[in-house]
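The residues making up each chain are set out below.
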Amino acid sequence: MKYRKVATGIMSVALAASMIVPTGAAQDQGVVKTETVYVKADKTGNVKETIVSDWLQNVSESPTIKDRSTLNQIKNVKGDETFKRGKKNAITWQADGKDIYYQGTTDEETPVQLKAAYYLDGEKIDPEQLDGKSGELKIKITAENSTDTPFTVMSMLTMPADQCSNVTVTNGRVISDGKNEIAVGIMMPGLIKQLDLDDYNGEQYESVTIKCQIKDFEPVSIYNIAMNGLLNDINLDDVDEVTDLLDELKDSSKKLADGSKELSDSIGTLSDKAKEYTDGIAKYIAGVEKYSAGVTKVSSGLSQLANGSGKLVSGSDSVAEGAEKINQSITTLASSMKQLQTGASSVSSGIATLDSSLAQIESAIAAAAPSEEERAQLQAIEGQISQQEAVLNSIEDKSSNEYAALAGAIQIEKSLKSKLESSMSSSVQLENAISQVRSYTKSGGTLSAGAKAVADGLGTAAAGADKIESGTKTLAEGAKTVASGTDSLDSGIQAAKKGTDQLTANNSTLTKSGKTINSASAAVNEGISKLEKGARTLTDGMFKFDRDGIQKGTETVDKVFDKMDELIDKDADYQNFSGMAKGMEGEVKFIIEMQ
């Protein structure tokens, strides 16, 4: 009865395997060797015995079959055909045109080794002590691949429904038929290492964990099947479109990084010129203050002159000379103010030119962003994933390796798609950053408005200077009138007094204009400083994004595709465990019973 249960379990796993991996394709001539390796192990995975069954399909119906095998105790299990051993494990079968079925044993280690650990209520326990126990049971099955060939391992555990409940399994499914709870898990040991994906945790693909609540538990066997060949059906021809898209993305990212560097350099030049401009404004304000103090003194002197006309007559020549010098100084000041106003207009025009350059850069960024065609290509990839998911959902046997392999491939494709979407969204973020920079330079922005305020303030100051020039001219004419004769002394003094009063009144306008210019200059400096800092941050971020995001990411994707090509070749090359004659076609699977 015990051996009948064992045979039933092995046949169940073998039947599941046959649904995933087809038997050797018929050849027009030659021999196809199909090999099944049965490993008997204890419940923790320690190997007790390894039996190998080989089926030599005599497609060409040859009278003899030349084979090669490292097995011991070889025996024909389905006929009376005999064989002779030769050198270097060579075997010659007297087949008489028939297929040969033979069996043998080996002590060699299989390419995939399994270990199982058992826990009851969180404490590790010897599986032999689980008989009759109740509580929370956890079984962790771990697979190790000692070769470079990609193997897929399916583990299956069947427990009576009246002894367990709340059954869960990682990397697999739980199937219930009313009487039994069947937990099936899939592992792909060594796959992450074989793909050189060091940033990913490969442990999740190398183990299966089964959890459940047990009551009066009776230990059961775990049946496992390991096989290769699942990658042979993967077609990587379609990835050329993806790699072309990645190349375009790399080029666009490099252009964006170079453009952000040019922008940062230009804003640095603007910052230097703005500092020179504000230094000139500071000198101008200091001159206005000195001039205002001089006008005040002149006004005070004329007031004293009005109160003492006798003293004024004696010094009328000096007053006329002084008034002429003031008039010349004011004329020079008015001319300087007009030049400052012209310079401020040039600054405002320069900011407008800068905004135009930023607009061009913004357009270049928009042009470098993923096109509709590229987005359509990404949608095509999404469509391909949807089609694969539809195929996945159409597979009735959710516990099959075909289901698990396709699900794993879809997971990888989704991960690649997510990276592409992340890379595309980064260009949108960069475009938003440039748009934020333009908020300072465009019409109405902080920088543009500040420059306009400076220009307006200088316009006001220039108008005030014109008025002051008119006043000093009146002063000079009054002083000349005083000097021309004492008869018009009184009227000349009053005219001069009127002129100084006008100068004093215009002093407040000139001072206010100076404060406006100073405030506007500070705003311009602050805006340019923020713009320069933002541009540097943008440049640093863009180069980091290009280096660590786009360039490194695309290199990783290319590396994965190259590794997949290598793995597919290695997957196709591994066809036998115990040996195979040259020119044969073969396939092999490993059935590991842990009991």
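If you're wondering where the values come from, they're calculated on a predicted model, not measured in any experiment. (Residues numbered from 1 in each chain as written. Predicted model: local features only at pLDDT ≥ 70, side-chain atom pairs only at ≥ 80, totals over all residues. Heavy atoms only, no water.)

Side note on the overall build of the protein
- In terms of regular secondary structure, the protein is built from nine helices and 17 strands.
- Scored against the burial criterion, the 595 residues of the protein give a buried share of 43%. (Helix = DSSP H or I, 4+ residues; strand = E, 2+ residues; numbered from the N terminus. Buried < 20%, exposed > 50% of the residue type's maximum accessible area, 1.4 Å probe, protein only.)

Quick notes on the side chain of Ser 399
- When you line up the elements, Ser 399 lands in the loop between α6 (372-394) and α7 (401-441).
- Within the structure, Ser 399 has its side chain in polar contact with the side chain of Asp 397 (distance 2.6 Å).
- Sequence-distant contacts of Ser 399, that is, excluding residues within four places in its chain, are made with Met 154, Ile 175, Val 184 and Ile 186. (Polar contact = N/O pair within 3.5 Å; in protein donor to acceptor, adjacent residues only side chain to side chain. Contact = heavy atoms within 4.5 Å.)

Things to note about the pattern of salt bridges
- Taken as a whole and judged by the stated rule, the model has four salt bridges.
- Here Asp 67 and Lys 33 are joined by a salt bridge, their closest N and O atoms 3.1 Å apart. Of this pair, Asp 67 sits in strand β3 (residues 64-68) while Lys 33 sits in strand β1 (residues 31-41), placing them 34 residues apart in sequence.
- Look at Asp 67 and you get buried, because its relative accessible area is 3%.
- Among the salt bridges present, the one from Glu 389 reaches Lys 414, with a minimum N-O distance of 2.6 Å. (Salt bridge = Lys/Arg side-chain N within 4 Å of Asp/Glu carboxyl O.)

Observations concerning a negative patch on the surface
- Together, Asp 131, Asp 162, Asp 216 and Glu 218 make up a negatively charged patch on the protein surface.
- Structurally, Asp 162 can be placed in the loop between β11 (152-160) and β12 (164-169). (Patch = residues over 30% accessible without salt bridge, like charges linked within 9 Å, V, L, I, M, F, W, Y side chains within 5 Å. Areas by Shrake-Rupley, 256 points an atom, 1.4 Å probe, with all protein chains shown as cover. Lys, Arg positive; Asp, Glu negative; His and termini not counted. Charge placed at Lys NZ, Arg CZ, Asp CG, Glu CD.)

Some details on the confidence of the model for the protein
- Scored by pLDDT, the protein comes out at a mean of 79, with 80% of its residues at no less than 70.
- Predicted confidence for residues 1-29 stays below pLDDT 50, and this span has 41 contacts to residues more than four positions away or in other chains. (pLDDT = per-residue confidence, 0-100.)

Quick notes on the sheet that holds β12
- Ordered by their spatial adjacency, five strands build an open sheet running β9-β8-β10-β15-β12, and the pairing between neighbours is antiparallel. Single-partner strands in this sheet number two, and they are β9 (123-124) and β12.
- Bridge count between β12 and strand β15 (residues 207-214): four bridges; the pairing is antiparallel. Among the inter-strand pairings, Ser 165 is bridged to a residue of β15, identified as Gln 213. (Pairing = 2+ DSSP bridges.)

Remarks on the pairing of strand β16 (residues 222-227)
- Of all six residues in β16, six are buried; the element is thus mostly enclosed.
- Neither face of β16 is open: one carries Ile 222, Asn 224 and Ala 226, the other Tyr 223, Ile 225 and Met 227, and all of them are buried.
- Sheet analysis places β11 next to β16, joined by six bridges and oriented antiparallel. In the sheet register, Val 153 faces β16, and the bridge partner there is Ala 226.
- Where β16 and strand β17 (residues 585-594) come together, six bridges link them in antiparallel fashion. Across the sheet, the residue bridging to Asn 224 is Ile 592, located in β17.

Observations concerning the packing of aromatic side chains
- Across all of its chains, the model carries six aromatic pairs by this definition.
- Taken together, a centroid distance of 5.4 Å and an interplanar angle of 75° make the contact between Phe 151 and Tyr 574 edge-to-face. Of this pair, Phe 151 sits in the loop between β10 (135-145) and β11 while Tyr 574 sits in the loop between α9 (489-573) and β17, and the two are 423 residues apart along the sequence.
- Exposure remark for Phe 151: the relative accessible area of 1% places this residue in the buried category.
- In textbook terms, an aromatic cluster arises when at least three aromatic residues are bridged by ring pairs, as seen for Phe 151, Tyr 574, Phe 577 and Phe 590.
- For Lys 78, the ring lying beneath its charged end belongs to Tyr 101, and the centroid distance is 4.3 Å.
- Across from the ring centre of Tyr 119, 4.6 Å away, lies the NZ or CZ of Lys 138, which sits over that ring. (Phe/Tyr/Trp six-rings, centres within 6.5 Å; stacked < 30°, edge-to-face > 60°. Lys NZ or Arg CZ within 6 Å of the ring centre and 35° of its normal.)

Examining the state of the cysteines
- A complete count under the given rule lists zero disulfides for this structure.
- Between Cys 164, a free cysteine, and Cys 212, which holds the nearest cysteine sulfur, the sulfur-to-sulfur gap is 5.3 Å.
- Residue Cys 164 is classed as buried on the basis of its relative accessible area of 7%. (Disulfide = S-S within 2.5 Å.)

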